[in-house]
Amino acid sequence: MSEGTRIGTARALSIIGHPMITLSASALAVSIFLGAMARTVIVVGIALLFGLGLGAWARRKVNSGQWSHVDAIHPGERREWNRVLLVCFVGIAVGFAGIDPVVAITSLALAFILLCAIILAPWLKLSQHTAYAVFSAWVVGSVEPLAGYTFAVFAVAVAWSRLALLRHTVIEVLVGAACGSLAGLSLWMALEEALG
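Everything quoted here is computed from the prediction, not taken from an experiment.

The rules behind the values
Residues numbered from 1 in each chain as written. Predicted model: local features only at pLDDT ≥ 70, side-chain atom pairs only at ≥ 80, totals over all residues. Heavy atoms only, no water. Core = buried A, V, L, I, M, F, W, Y, C linked by side-chain atoms within 4.5 Å. Buried < 20%, exposed > 50% of the residue type's maximum accessible area, 1.4 Å probe, protein only. Helix = DSSP H or I, 4+ residues; strand = E, 2+ residues; numbered from the N terminus. Contact = heavy atoms within 4.5 Å. Salt bridge = Lys/Arg side-chain N within 4 Å of Asp/Glu carboxyl O. Axes fitted to C-alpha atoms, helices over the stretch in contact; angles between N-to-C directions. Parallel < 35°, antiparallel > 145°, perpendicular 65-115°, else oblique. Nonpolar A, V, L, I, M, F, W, Y, C, P; charged D, E, K, R; others polar.

Visitor: Would you mind going over the nonpolar core with me for this structure?
Guide: Nonpolar side chains tend toward joint burial in soluble globular proteins. Formed by 40 residues in total, the largest nonpolar core has its most connected members in Trp67, Trp81, Phe89, Ile113, Leu126, Tyr132 and Phe135. Every element with two or more residues in this core is listed here: α2 (19-34), α3 (37-63), α4 (75-96), α5 (101-120), α6 (128-143), α7 (145-164) and α8 (170-195). Tallying contributions element by element places α5 first for this core, with 10 residues. If we ignore the near neighbours within four places in the chain, the residues touching tyrosine 132 are Pro19, Thr22, Leu23, Phe89, Leu110, Ile113 and Leu114.

Visitor: Would you explain the pattern of salt bridges in this entry?
Guide: Close approach of charged atoms allows side chains of opposite charge to pair. Per the stated rule, a full pass over the model turns up two salt bridges. Between glutamate 3 and arginine 6 there is a salt bridge, with its nearest N and O atoms 3.0 Å apart. Of the two residues, glutamate 3 and arginine 6 both sit in helix α1 (residues 3-16), three residues apart, roughly one turn of that helix. Taking the relative accessible area as the measure of exposure, arginine 6 reaches 26% and is therefore partly exposed.

Visitor: Is there a simple way to think about the environment of alanine 131 in this case?
Guide: Mapped onto the secondary structure, alanine 131 falls in helix α6. The buried category is assigned to alanine 131, whose relative accessible area is 0%. Note: C-alpha distance between alanine 131 and cysteine 179 (48 residues apart in sequence) is 6.1 Å. If near-sequence neighbours (up to four positions away) are discounted, alanine 131 is found in contact with Ile113, Leu126, Gly176 and Gly180.

Visitor: Whenever I open this one, the environment of leucine 174 confuses me. Can you help?
Guide: Relative to the elements of secondary structure, leucine 174 occurs in helix α8. Put simply, leucine 174 and serine 127 are 47 residues apart on the chain and 8.1 Å apart in space, counted from C-alpha to C-alpha.

Visitor: Explain the packing of α6 against α7 here, please?
Guide: In a packed pair of helices, the relevant descriptors are the angle between the two axes and the axis-to-axis distance. Running from N to C, α6 and α7 cross one another at 175 degrees; their axes reach a closest spacing of 7 Å. Judged by the inter-axis angle, α6 sits roughly antiparallel to α7. Contacts from His129, Thr130, Ala133, Val134, Ser136, Ala137, Val140, Gly141 and Val143 of α6 reach α7 at Pro145, Ala147, Gly148, Phe151, Ala152, Ala155, Val158, Ala159 and Arg162. A class-by-class count of the residues in the contact of α6 with α7 yields 12 nonpolar, five polar and one charged.

Visitor: Whenever I open this one, the environment of methionine 1 confuses me. Can you help?
Guide: Tracing the chain through its elements places methionine 1 in the segment before α1. By relative accessible area, methionine 1 is classed as exposed at 73%. It is 36 Å that separates the C-alpha atoms of methionine 1 and leucine 110, two residues lying 109 residues apart in sequence.

Below you can see the structure in the form of C-alpha cells.
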C-alpha cells in the first residue's frame, strides 16, 4: 500500500469513525435488533440536534478566531470542548431520567468517557474516536454478538487510523479503548439491572 493510499484510507476511516457517526450507527443497530424504532427516532433526533448545535458552536469558535480548527485540536480548545460535551451528556441524562432510563444511563456512560479525557488531559490526549468506537462495539455486542464483533473490528480500524494520521500515540489509543470498554461494559451491566 502506497503512503498516499494509506493516509487516504486512514482519513476515510477517521471520518466514518467520528464519534457522532459511530454512536448513531450503534444506536440504530441496537434499535433495529430490539425492534425499538421509537427509541431510535428519539436517540437519532437527539444526536442530530446535539451534533448540529455543537458543530455550529465549534464553527463560531473558529470564525471568531478563538479556535484554530473545529476538531478542537489544541489543548485549551480540547478542554473547553470536553467540558461542554460533559455538561451536555449529564444534562441529557438528567432530562431523560424519568422518561427513558436507557437514554439517561447511556448518556452517563458517554459522560464517563469525557470525564476520563478531562482527568487524563494533563498526561495524554485520550483518543475519543477509539473510545466511542469501542463503546459502540460493547453496546451492539450486548444485543447481537456477531454485529458487536463487526463493530469491534471497525473500532480496531478506527484506532489504526488515529495512529496512521499521527493524531494520537499508541498509549492514547489504548487508554481510549480501555475507557470505552469500561463505559460499555458498565452500561451493559447497568441496563441489565435497570431493565431486569
